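Listed below, chain by chain, are the residues.
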Amino acid sequence: MNHLLRERRGKTQPGIEPEPTVKHRADVAVRDAVPWLFMAICVILLSAPTGLPGGTELMFGVSVGTVYFWSAHRPESMPVWAVFLIGLLADLLSFGPPGTLLLSLLIVHGVAHTWRYGLSRINFIWGWGLMSVLALSLTLFQWMVACIGALRPMSPVPSLFQAALAAGIYPTLSVLFVWTHRTIVNPERA
Amino acid sequence: MFSIQVQQALAKLVLPFLILIACSIVVLGLARRPLVDRWRLDAADRLAPAYRLAAWPGEAVRGLYGDASGLGHLAVENAHLRDENAKLRRWYDVAVALANENARLKAQLHWIPDNAPSFVTGHVVRDAGGLYGRALLLSVGDGQGVQLGDVALDAGGLIGRVTEVGAHVARILLINDQASRIPVTLTASRGAAILAGDGSPYPRLLYYAQDNHPVEGERVFTSAQALPVGQSGHAPFTSLPGGLPIGTVHYIRPGDPVVVPDGSLVHPDIVRVFHYDQQDETGPSAPGRVPVQPPALAPELSAPSSADVEPGRG
């Protein structure tokens, strides 16, 4: 039984194993890349005029939720360079205060990656709470930068709506991601 | 190449380094916003054809939904259209009579007509305001000669002005954006004011004369605004043609007049961008006339320097 388990875990266990073929390597690379590819596609689609209500706010919610989940649960699938590049793309395609979305994504990645062992032990509700607090603080930071840019206080209502949307969409996203994690990204752990 | 410890230390430094870059982008965005907006417009320029493609399914579905919902009240719609047609026919007669009278009066006065503005019509590609701004990206095609400061109107009236121009697209700052300030004339009270956006759907009226308040329901038009002295060419936010319809005055609370825009600021579909040729606002030169120096520069009015003040005086 132990022997079988070790074989299924593959490269995580030391031992003699056959050299992976090119096809196998490509398969693993694509599976690893699914989370950040999903995020990149979401960013491009949400910047397009699809007629979705709240598209701008949704871009923040989806990208923060995606980075938070994968940085905590499978950091190999959400490398920091991908977070940076997609954050840069999202900032380029949106017209909010420049750099704030990129900085928010990097901070979310840093927090989730640093506390990933703690996050894997606590209840989902607590993890969701932490994500909501993060989304609220980062969106208020965005609002502050927008106020400094406009040199006058602006209404915080759009920011609060954006934070609420980010917190509200996370459970749905995490259900999708748990399923993706088990079936596509890392089927060996299913 | 490096030892494992060095590699681990470098890997730990990547995130702080990238956060530092992001912070510099935030600071750059605050200090040089036009530069960042330029990059964003370039990106949008490249993606404009893809955006048109992405918008197509949504438009098709909306069209189908409109057709389906229209089928439900065909009879009501027909009766409504007949009424409106009868009304419009009456207005047509009035308009023809007025146009004839206008032409006759202009002929008697030897009226010199204004230059007809050139215009380009385009589809709105996407929202370009983000969470806090109110702006649109308009697809205008190649080489249409859209310039900064040109005015954008939809079927109802003025909706904004061009702030950035790309190869295929132009960014239009809507009149309800925080940064928009437009000089206006009020028709009934004959007053002047500034139309200032505040992010809400109804831009506010500011700086009107305190003894001549805007009247509820009166029409608001743009006020012609000349180029400042010393500026030539078509600089942004310096010149604006007068007489373009904007909307009507409404008091949302006592002492706080706003304008209900005629144009659709939320989801306009087709927008026209007008380019008005700059009229020469400077008068003809008068030979023999001695130019008067501006008071601030006249020597007798300038502040005395410390060398002019004698000690012991005063």
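Residues numbered from 1 in each chain as written. Chains lettered and ligands numbered in written order. Predicted model: local features only at pLDDT ≥ 70, side-chain atom pairs only at ≥ 80, totals over all residues. Heavy atoms only, no water.

(A) A look at the overall build of chain A. For chain A, the count of helices and strands is 8 helices and 0 strands. Its helices and strands taken in sequence order, chain A reads α-α-α-α-α-α-α-α from the N to the C terminus. Residue pairs in contact within chain A that sit at least 24 positions apart in sequence constitute 73% of those at least 6 positions apart. (Helix = DSSP H or I, 4+ residues; strand = E, 2+ residues; numbered from the N terminus. Contact = heavy atoms within 4.5 Å.)

(B) Structural view of the interface of chain B and chain A. At the interface, 33 residues of chain B touch 38 residues of chain A. The largest contributions to the chain B side of the interface with chain A come from Arg40(B), Leu131(B) and Tyr132(B), which together make up 27% of the buried area. Our enumeration of links across chain B and chain A arrives at 1 salt bridge. For Arg40(B), the salt bridge is made with Asp91(A), and the minimal N-O distance between the two is 3.6 Å. Counting the contacts that link chain B with chain A gives 10 residue pairs in polar contact (both at pLDDT 80 or more). When residues of the side of chain B that touches chain A are traced back to their parent elements, those giving at least two are α1 (4-31), α2 (33-72) and β1 (118-127) of chain B. In terms of residue count, α1(B) provides more of the side of chain B that touches chain A than any other element does, 11 residues in total. Partitioned by chemical class, the residues of the side of chain B that touches chain A number 21 nonpolar, 5 polar and 7 charged. (Buried area = accessible area lost by both parts, 1.4 Å probe. Salt bridge = Lys/Arg side-chain N within 4 Å of Asp/Glu carboxyl O. Polar contact = N/O pair within 3.5 Å; in protein donor to acceptor, adjacent residues only side chain to side chain. Nonpolar A, V, L, I, M, F, W, Y, C, P; charged D, E, K, R; others polar.)

(C) Representation of the pattern of salt bridges. Considering all chains together, one arrives at 11 salt bridges over all chains under this definition. Notably, a salt bridge pairs Arg31(A) with Asp27(A), separated by 3.0 Å at the nearest N-O pair. Note that Arg31(A) and Asp27(A) are positioned in helix α2 (residues 22-47) at a spacing of 4 residues, about one turn of the helix. Accessibility expressed as a relative area gives 34% for Asp27(A), which makes it partly exposed. In this structure, Arg38(B) engages Asp42(B) in a salt bridge whose closest nitrogen and oxygen atoms are separated by 3.6 Å. Separated by 4 residues within a single helix, Arg38(B) and Asp42(B) lie in helix α2, roughly one turn from each other. Take Arg38(B): its relative accessible area is 35%, and that puts it in the partly exposed class. The structure contains a network of salt bridges with shared partners spanning Arg33(B), Asp37(B), Glu164(B) and Arg171(B). (Buried < 20%, exposed > 50% of the residue type's maximum accessible area, 1.4 Å probe, protein only.)

(D) Structural detail: the UniProt feature "transmembrane region" (unreviewed entry) in chain A. Per the UniProt record, "transmembrane region" (unreviewed entry) is annotated on residues 33-52, 80-112, 124-151 and 157-179 of chain A. Between the end C-alpha atoms of residues 80-112 of chain A the distance is 12 Å, and the span holds 82% helix and 0% strand. (UniProt positions renumbered as here; feature names shortened; annotations may be inferred.)

(E) Quick look at the pairing of β1(B). All names here are of chain B. Judged from the 6 bridges that link them, β1 and strand β12 (residues 270-275) form a sheet pairing that is antiparallel. Note that in β12 the partner of His 123 across the bridge is Ile 270. As defined by bridge partners, β1 adjoins strand β2 (residues 135-139) across 4 bridges and the pair is classed as antiparallel. Within β2, the position partnered with Arg 126 by the bridge is Leu 137. (Pairing = 2+ DSSP bridges.)

(F) Summary view of the packing of aromatic side chains. All names here are of chain A. Counted according to the given criterion, the structure contains 10 aromatic pairs over all chains. Where Phe 69 meets Trp 70, the ring centres are 5.1 Å apart and the plane angle is 75 degrees; that geometry is what we call edge-to-face. Neither Phe 69 nor Trp 70 differs from the other in exposure class; each is buried. Measuring from centroid to centroid gives 6.0 Å for Phe 124 and Tyr 170, while their planes differ by 5 degrees, and the two rings are stacked. (Phe/Tyr/Trp six-rings, centres within 6.5 Å; stacked < 30°, edge-to-face > 60°.)

(G) Focus on empty space enclosed by the protein. Residue and element names in this part refer to chain A. Summed over the entire model, instances satisfying the criterion amount to 1 cavity of 30 Å³ or more. By volume, the largest cavity amounts to about 130 Å³. Considering the residues around the largest cavity, the lining is formed by 13 residues, among which Thr 56, Ser 94, Gly 96, Gln 142 and Gln 162 are closest to the centre. Elements supplying a minimum of two residues to the lining of the largest cavity: α3 (55-73) and α5 (100-114). With 3 residues, α3 is the single largest residue contributor to the lining of the largest cavity. Here the residues of the lining of the largest cavity sort into 5 nonpolar, 7 polar and 1 charged. (1 Å grid on protein atoms, 1.4 Å probe; cavity = no way out; pocket = protein on both sides within 12 Å on 5 of 7 lines; lining within 4 Å. Points joined across faces, edges and corners; volume = space filled by probe spheres on them.)

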